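Geometric and topological summary
Listed below are the residues making up each chain.
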Number of protein chains: 2
Amino acid sequence: MKQFSTLKKLAEKLGLSVSTVSRALKDHPDISPATRQRVKELAELTEYEPNTFAVNLRTNKSKILGVIVPYFQNLFYEYFIAALDEEVGKAGYSLLVLQSGESAETEARNLHIMKKNRVDGLFVSVTENTVDIKPFLKLPEIGIPIIFFDRVPEFEACDKICFADHEAATLAAKRLVQSNKKHVLCLFWGKPSLSVNQKRAAAFENTIKQLSPKTILDIRFSDSVQDFEPITMHELQTPNPPDAIFCNGDNILIPAMRAIQKSKLTMPADIGLIAISNGMLPTLYNPAVTFVETNGNKLGRLAFKRLQEVFDGKTFVRELSIPATLVEGGSL
Amino acid sequence: MKQFSTLKKLAEKLGLSVSTVSRALKDHPDISPATRQRVKELAELTEYEPNTFAVNLRTNKSKILGVIVPYFQNLFYEYFIAALDEEVGKAGYSLLVLQSGESAETEARNLHIMKKNRVDGLFVSVTENTVDIKPFLKLPEIGIPIIFFDRVPEFEACDKICFADHEAATLAAKRLVQSNKKHVLCLFWGKPSLSVNQKRAAAFENTIKQLSPKTILDIRFSDSVQDFEPITMHELQTPNPPDAIFCNGDNILIPAMRAIQKSKLTMPADIGLIAISNGMLPTLYNPAVTFVETNGNKLGRLAFKRLQEVFDGKTFVRELSIPATLVEGGSL
DNA sequence: GTGAAAGCGCTAACAA
DNA sequence: TTGTTAGCGCTTTCAC
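This write-up is about the structure you can find in this document. In this text the structure is predicted, and so the values were computed from the model without any measurement. The written sequence of each chain sets the order in which its residues are numbered from 1. Here chains are named by letter from A upward and ligands by number from 1 upward, in the order in which they appear as written. Only residues with pLDDT of 70 or above have their local features reported here, since the model is predicted, and side-chain atom pairs are shown and tallied only from 80 upward, although totals for entire chains, interfaces and linings are computed over all residues. Hydrogens are left out, water is left out, and the side-chain values use all remaining heavy atoms of the structure.

Section: the relation of the copies chain B and chain A
- In this comparison the copies share one frame, found by least squares on the C-alpha atoms of residues holding pLDDT of at least 70 in both. Each copy of the sequence occupies a distinct position, and chain B is placed on chain A by a rotation of 180 degrees and an axial shift of 0.0 Å, giving an RMSD of 0.1 Å. What the superposition gives is, in effect, a two-fold axis relating one chain to the other.
- Mapped onto chain A, 96% of the interface residues of chain B are again interface residues, and the two copies thus contact each other with one and the same surface. Two residues form a contact once any of their heavy atoms are found within 4.5 Å.

Okay, here's the thing in structure tokens:
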């Protein structure tokens, strides 16, 4: 097996000391142009690459950032991770991405992996079963800054990056009122206790109650995406069916649309539909679904920007959010 | 800032040597049960964790596996990565995932990151612009096994894991003949030179030519997913339009379906459709699209199994493939 | 059953 | 301008 080139080997071949070689390669001003030249040439020739393990041990930095999300296979997280990866790459970092499902244990295990790999910083969107935030908050104590995003702990003092959840739900509610909807089936994925669900459901309900007090709201939560098709199916077939559906997220849009299609209803004539979405899915349907966009892309970029601030010493805790925008389709 | 617990600190507090402590923690048989007990207790108390950087340096292993794919946001790769991640996690490894787009330069940079981070093994699906495989093949020389998957180099001797591309395309072709289609628009994403495209296009064409020589095939390649909607649109509006469309992949299915919907055609009456797909997307439509499944999930698990074989010394080069299955929808 | 010591490859303070 | 030295935290050989 071919051996790696090391500083020591270079030093021996050149009749220099290890430290001189090291400095020459880093363009340290002390080193004479001549030696610098010689060193660099041999380094090139022998394909020298600093041994990351050694550098990490010495500098106590890994140049790796961690991301813990519930799911990879989720439009929002995909966009978030892709954008984050791009930003992070520019700054010379790499990403270690782990998924937890909705299991608090897996999440704890993932957190442990991050600690073990000594990531330089961590981005986390928690599971809906995460009750104890303390293990996360220990990381900043040992020098690993942590940025929560999207699904964030409610009360703790920590860095949080979210969508303007209140605003997004309010926008959707207003749009439904504008179309004069009187009976809305509202679908939420995950537990009511989840921060996003709580905020959005409250804002949605309040807005409707204020602007159109007589509108009937039928609010449903379910952990299992499978449930939404039968739920919607059933509601659509009652004698007094809803005249509009609100889907909080892409996951729900899929089964809801399926139920609408199976019921042979057409949008917007027979039923109205509005979703909060990452943006891709609504355009697949015909007519396209009207939605409030909460795009992972922007959130990813913002998250890294915030981490850099923390690296630069701006360690005071902040809560940032990204505005939501309404994208008109033809479903309302 | 809180300090990490180390072997040295434990040793000092216990009045033992570093090596004894190290051995005690690894249940080395030499160590007496009593000391082992004492050591473990203090380790627990001080939340001792071996410093990965030091372990890596010492053992020259990272316990990290690399994955390089063109895109994260691609159903096939998502499933592949998710499955791989699961398998890999069970074996105590973590995944470092990087995306290259279709840029050979980005890919080279990614390869470099993998090398720098001294991953213990690497999974790669190449870009369509990758011409030089040699930089990849250098990794096995320095002890990093590499497994190519899906998009694999054509001629080199290396480990490859693919779908049964020939079989998948043949299945789709047969199914079209069975439905008596006479004029098929065939859509391929990426360059014709891409291994997957080459194999599938050839198999598809041959099968049709053999079973139904009079059937007209209109085969189109495009690098840009955007192109497929106008292409399909245009073809559907010619005086002699196709009676079926074959989509080689989920990416193409989306714009093709959009063109069908915009043209107000219904499946299967006005137009037939079959796709090669990862499986989720076809079920979103109504009727569901008939497809040949090439699921990333299975491929991910197989890929890790193969890597483990290589770790275990079975280093002879192998080319493995996964069978394809037809899933009936209502689009044909 | 335990300890001493070397060394993985690198960085950086201090010396010359 | 260059070299010497110490040390990051761990594993492992050899000695007692």
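Here's the deal with the packing of helix H6 (residues 104-116) of chain B against helix H7 (residues 134-141) of chain B
All names here are of chain B.
- Put simply, H6 and H7 touch, their axes get as near as 11 Å, and they point 10 degrees apart. Considering their axes alone, H6 and H7 lie roughly parallel with respect to each other. In this structure, H6 contributes Glu-107, Leu-111 and Lys-115 to the contact, and H7 contributes Pro-135, Phe-136 and Leu-139.
- Along the lines of polarity and charge, the residues of the contact of H6 with H7 split into 4 nonpolar, no polar and 2 charged. Angles here are taken between N-to-C directions and fall from 0 to 180 degrees, while the axes themselves are lines fitted to C-alpha atoms, restricted in helices to the stretch in contact. Only DSSP runs of H or I covering at least 4 residues are called helices, and only runs of E covering at least 2 are called strands; the numbering of each starts at the N terminus. For classification, angles of less than 35 degrees are called roughly parallel, those exceeding 145 degrees roughly antiparallel, those between 65 and 115 degrees roughly perpendicular, and all remaining angles oblique. When residues are grouped by polarity, Ala, Val, Leu, Ile, Met, Phe, Trp, Tyr, Cys and Pro land in nonpolar, Asp, Glu, Lys and Arg in charged, and all others, Gly among them, in polar.

Details of the protein's contact with DNA strand D
- Of all residues adjacent to DNA strand D, which total 26 residues, the nearest are Ser-19 and Thr-20 of chain A together with Lys-26, Tyr-48 and Arg-58 of chain B.
- Note on definitions. A residue lies near a molecule or strand when any single heavy atom of the residue is within 4 Å of it. Among all atoms of DNA strand D positioned within 4 Å of the protein, those belonging to sugar or phosphate total 59%.
- Side-chain atoms alone can form a polar contact between residues adjacent in sequence; in general such a contact is a pair of N or O atoms within 3.5 Å, and within protein one must be able to donate a hydrogen while the other accepts it. Here a base nitrogen of DNA strand D sits 2.7 Å away from a polar atom, N or O, in the side chain of Arg-23 of chain A.
- At 3.0 Å from a phosphate oxygen of DNA strand D is found a main-chain nitrogen or oxygen belonging to Ser-32 of chain A.
- Mapped by element, the contributors of at least two residues to the surface near DNA strand D are helix H2 (18-25) and helix H4 (52-59) of chain A together with helix H2 (18-25) and helix H4 (52-59) of chain B.
- If one sorts the elements of the surface near DNA strand D by residue count, H2 of chain B sits on top with 4 residues.

Comments concerning the environment of Trp-189 of chain A
All names here are of chain A.
- Tracing the sequence through the fold places Trp-189 in strand S6 (residues 183-189).
- As for Trp-189 and Asp-250, which are separated by 61 residues in sequence, their C-alpha atoms are 9.7 Å apart.
- If we ignore the near neighbours within four places in the chain, the residues touching Trp-189 are Tyr-71, Asn-74, Glu-102, Arg-151, Asn-197, Ser-222, Asp-223, Val-225, Phe-228, Asn-251 and Ile-252.
- Within the structure, Trp-189 has its side chain in polar contact with the backbone oxygen of Asp-223 (distance 3.1 Å).

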